[in-house]
Amino acid sequence: MADDKAEVNFIDNPHAPEIYSHGYSGLWRNGGLLHITFEAPRIDHGSNPGPINRVVVGRLVIPIEAAMHLADNIKGFLSNPEVAPPLPPGSGLH
């Protein structure tokens, strides 16, 4: 049986993909998970003028508790960007 209190190391990946999103097009709660679909505008240059489409650029699936913690940290950070938000519980980061 795994020890729930075992230390979990954080390993940074400088090659992890970075996604630009203009917004989100949907939220879905499924059991204990929150699914977020992100979108960005894209122009179809096959015609002139090209139509602008809303294209899905990524999806994030995150446990509800983690999503709530993230939302609280984002709200706090946006209201006072000079103060770093607290780290996620159990992150082991300092």
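Residues numbered from 1 in each chain as written. Predicted model: local features only at pLDDT ≥ 70, side-chain atom pairs only at ≥ 80, totals over all residues. Heavy atoms only, no water.

**What about the sheet that holds strand β1 (residues 23-30)?**
The line we're drawing: Following DSSP output, two strands are said to pair if at least two bridges run between them. Going along the chain from the N terminus, every DSSP run of H or I of four or more residues is numbered as a helix, and every run of E of two or more is numbered as a strand. Whenever a helix is involved, its axis is fitted only over the stretch in contact; in every case the axis is a line through C-alpha atoms, and angles between N-to-C directions fall within 0 to 180 degrees.
Overall, antiparallel pairing links the 3 strands, which are arranged β1-β2-β3 in an open sheet. Sheet topology places β1 and β3 (52-63) at the edges, where each strand pairs with a single neighbour. Looking at each pair of strands side by side, their axes are set apart by 20° on average, direction ignored. As judged from the 7 bridges shared by β1 and strand β2 (residues 33-43), these two strands associate in the antiparallel manner. In the strand pairing of β2, Asn 30 is matched with Leu 33.

**Some words on the pattern of salt bridges**
Basically, it comes down to this: A side-chain nitrogen of Lys or Arg and a carboxyl oxygen of Asp or Glu constitute a salt bridge if their distance falls within 4 Å.
For the structure on display, the rule yields 1 salt bridge. A salt bridge links Arg 54 to Glu 39; its shortest N-O distance comes to 2.8 Å. Highlighted residues: Arg 54 in strand β3 and Glu 39 in strand β2, separated in sequence by 15 residues.

**A closer look at unusual backbone geometry**
With an omega of 0°, the peptide bond running from Asn 48 to Pro 49 counts as cis. The residue Pro 49 is located in the loop between β2 and β3 in this model.

**Some details on the environment of Ile 64**
Among the structural elements, Ile 64 can be located in helix α1 (residues 64-79). Along the primary structure Ile 64 and Leu 34 are separated by 30 residues, whereas in three dimensions their C-alpha atoms are 5.6 Å apart.

**A word on the nonpolar core**
How we decide: Grouping buried Ala, Val, Leu, Ile, Met, Phe, Trp, Tyr and Cys residues that are joined through side-chain atoms within 4.5 Å yields what is termed a nonpolar core. Buried, partly exposed and exposed residues are distinguished by accessible area as a fraction of the type maximum, computed with a 1.4 Å probe on protein chains only: under 20%, between the cut-offs, and over 50%, respectively. Contacts are assigned to residue pairs that have any heavy atoms within 4.5 Å of one another.
Leu 34, Ile 36, Ile 62, Ile 64 and Ala 67 together form the largest nonpolar core, which totals 5 residues. When residues of this core are traced back to their parent elements, those giving at least two are β2 and α1. If we ignore the near neighbours within four places in the chain, the residues touching Ile 64 are Arg 29, Gly 31, Gly 32, Leu 33 and Leu 34.

**Here we look at the pairing of β2**
Looking along a regular strand, one sees side chains alternate from face to face of the sheet. The hairpin formed by β1 and β2 contains 2 residues between the paired strands, and Gly 31 there has a positive phi angle of roughly 65°. The pairing of β2 with β3 spans 11 bridges and is classified as antiparallel. Its bridge partner lying in β3, Ala 40 is registered against Val 55.

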